[in-house]
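Structural overview for review
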Amino acid sequence: MNKDYDPSGKKKRQDEFGSEDGSFGLKDAVIIVLVFALISGVMIWKTFPQTFISCEEDQPLLTIKKDFFPADTFQQLKQDLLAHPHTHSRQHRAKRALPHTRGQVVMFNRDGVTEFREKAAAEEMGYLATFFDAVRHPAANAWVVNVLVIDPKPKANGVKVFGDIDEAVATHLDGNLAVDARQHTFLAHQTDVLYVSVPADMEGGALSVYPYASGGPRWKAWYKEQVKRPAENTLATFRGDAYHGVSAYYTDEEGARRVTLVL
């Protein structure tokens, strides 16, 4: 009897699913292809850029607290910060997003809190620790503390000119921790801004906050919240997934600057 036929006379289809003698067949090839595709899919998923957001659904877009620190605490903080040479001499690290700013940036995680406080005290920057301790979120495990000094916009031939898109701080998201996460983005849970110095005659300088949208803030431009004329010692807190930026400003007050502490 021919080995390709069974007793009923029908041709066997062993060639499709592997031969009876255990040699490689079509079924084996299909399984290998499927396994390879599965492994490749998992690897692509793990490396595909993702944005991780920890904000809660009912978390407010923006809240404002006036007279955040007791008056004497704030005055000491302001005096120490404005007198420190680092406040005025260092260019801000995020040059592309913050081209018209100066200040300091300190990044650390939960394991570095003690070292952060010790260095702040040793370098006469206790105001950083004072601010950090007052606003830190209890569940957070990593932070970026900024001293942000925004210089006023120079007048054009003595005239104040405001454009439609005139930003001292470009609209952006806060996700600048140095995390080794390939191409992934980890957004802040919340951002706190303390207004330390505000020129009395400041025109402009508003903080604009937009709800998060995957297409960018302009999709939501019809809805935004602003801090237009903040008083010193005001704390503005907004969602970490909120797009935000600061408009340019003018002042005639000699040497006056818009200075904030940001966590």
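Let me begin by describing the structure that accompanies this report.

Describing the overall build of the protein chain
- Counting its secondary structure elements, the protein chain contains six helices and 14 strands.
- Looking at the 263 residues of the protein chain, the share that counts as buried comes to 37%.
- A sequence separation of at least 24 residues applies to 77% of the contacts in the protein chain between residues at least 6 apart.
- Just so you have it, the protein chain exposes about 16,000 Å², and 54% of that area is on carbon and sulfur atoms.

Considerations on the packing of helix H5 (residues 113-122) against helix H6 (residues 126-135)
- Put simply, H5 and H6 touch, their axes get as near as 7 Å, and they point 140° apart. Judged by the angle between their axes, H5 and H6 are oblique. Pair H5 / H6 crosses with left-handed handedness. Residues Val113, Phe116, Arg117 and Ala120 of H5 pack against Gly126, Leu128, Ala129, Phe132 and Asp133 of H6.
- Residue composition of the contact of H5 with H6, by class: six nonpolar, one polar and two charged.

Here's the deal with the nonpolar core
- Leu128, Leu194 and Leu261 are the most contacted members of the largest nonpolar core, which totals 25 residues.
- Broken down by element, this core gets its largest block of residues, six residues, from H6.
- Setting aside its immediate chain neighbours within four residues, Leu194 contacts Phe68, Phe69, Leu77, Phe131, Asn233, Thr234, Leu235, Val259, Thr260 and Leu261.
- With 19 residues, the next largest nonpolar core counts Leu62, Leu207, Val209 and Val227 among its residues.

Re helix H3 (residues 71-83)
- The end-to-end C-alpha distance of H3 is 18 Å, a good match for the 18 Å that 13 residues give at a rise of 1.5 Å each.
- Buried within H3 we find Phe74, Leu77, Lys78 and Leu81. Burial along H3 is one-sided: seen end-on, the buried residues are contained in an arc of 100°. Pointing more than 90 degrees away from the buried face of H3 are the exposed residues Asp72, Gln79 and Ala83.

Re the environment of Asn109
- Secondary-structure assignment places Asn109 in strand S3 (residues 101-109).
- With 34 residues separating them along the chain, Asn109 and Trp143 place their C-alpha atoms 6.1 Å apart.
- With sequence-adjacent residues up to four places away left out, Asn109 is seen in contact with Asn141, Ala142 and Trp143.
- Separated by 3.1 Å, the side chain of Asn109 and the backbone nitrogen of Asp111 make a polar contact.

What to know about the sheet that holds S3
- Taken in spatial order, the six strands make up an open sheet running S2-S11-S7-S14-S4-S3, and their pairing is antiparallel. Of all the strands in the sheet, just strand S2 (62-65) and S3 have a single pairing partner and so form its edges. This sheet shows a mean twist of 15° between the axes of neighbouring strands, independent of strand direction.
- The strands that H3 touches are strand S4 (142-150), strand S7 (190-197) and strand S14 (258-262); relative to S7, the one it contacts most, it runs at about 85°.
- H5 contacts S3 and S4 of the sheet and is inclined by roughly 140° relative to S3.

Details of the pairing of strand S12 (residues 243-247)
- For S12, the buried fraction is high: four of the five residues fall into the buried class.
- Relative to S12, strand S5 (residues 167-172) runs antiparallel, the two sharing three bridges. Opposite Glu167, over in S12, you have Ser247 as the bridge partner.

Quick notes on the rules
Residues numbered from 1 in each chain as written. Predicted model: local features only at pLDDT ≥ 70, side-chain atom pairs only at ≥ 80, totals over all residues. Heavy atoms only, no water. Helix = DSSP H or I, 4+ residues; strand = E, 2+ residues; numbered from the N terminus. Buried < 20%, exposed > 50% of the residue type's maximum accessible area, 1.4 Å probe, protein only. Contact = heavy atoms within 4.5 Å. Areas by Shrake-Rupley, 256 points an atom, 1.4 Å probe, with all protein chains shown as cover. Axes fitted to C-alpha atoms, helices over the stretch in contact; angles between N-to-C directions. Parallel < 35°, antiparallel > 145°, perpendicular 65-115°, else oblique. Left-handed = near helix turned anticlockwise from the far one by under 90°. Nonpolar A, V, L, I, M, F, W, Y, C, P; charged D, E, K, R; others polar. Core = buried A, V, L, I, M, F, W, Y, C linked by side-chain atoms within 4.5 Å. Expected span 1.5 Å × (residues − 1). Arc of directions from axis to C-beta. Polar contact = N/O pair within 3.5 Å; in protein donor to acceptor, adjacent residues only side chain to side chain. Pairing = 2+ DSSP bridges.

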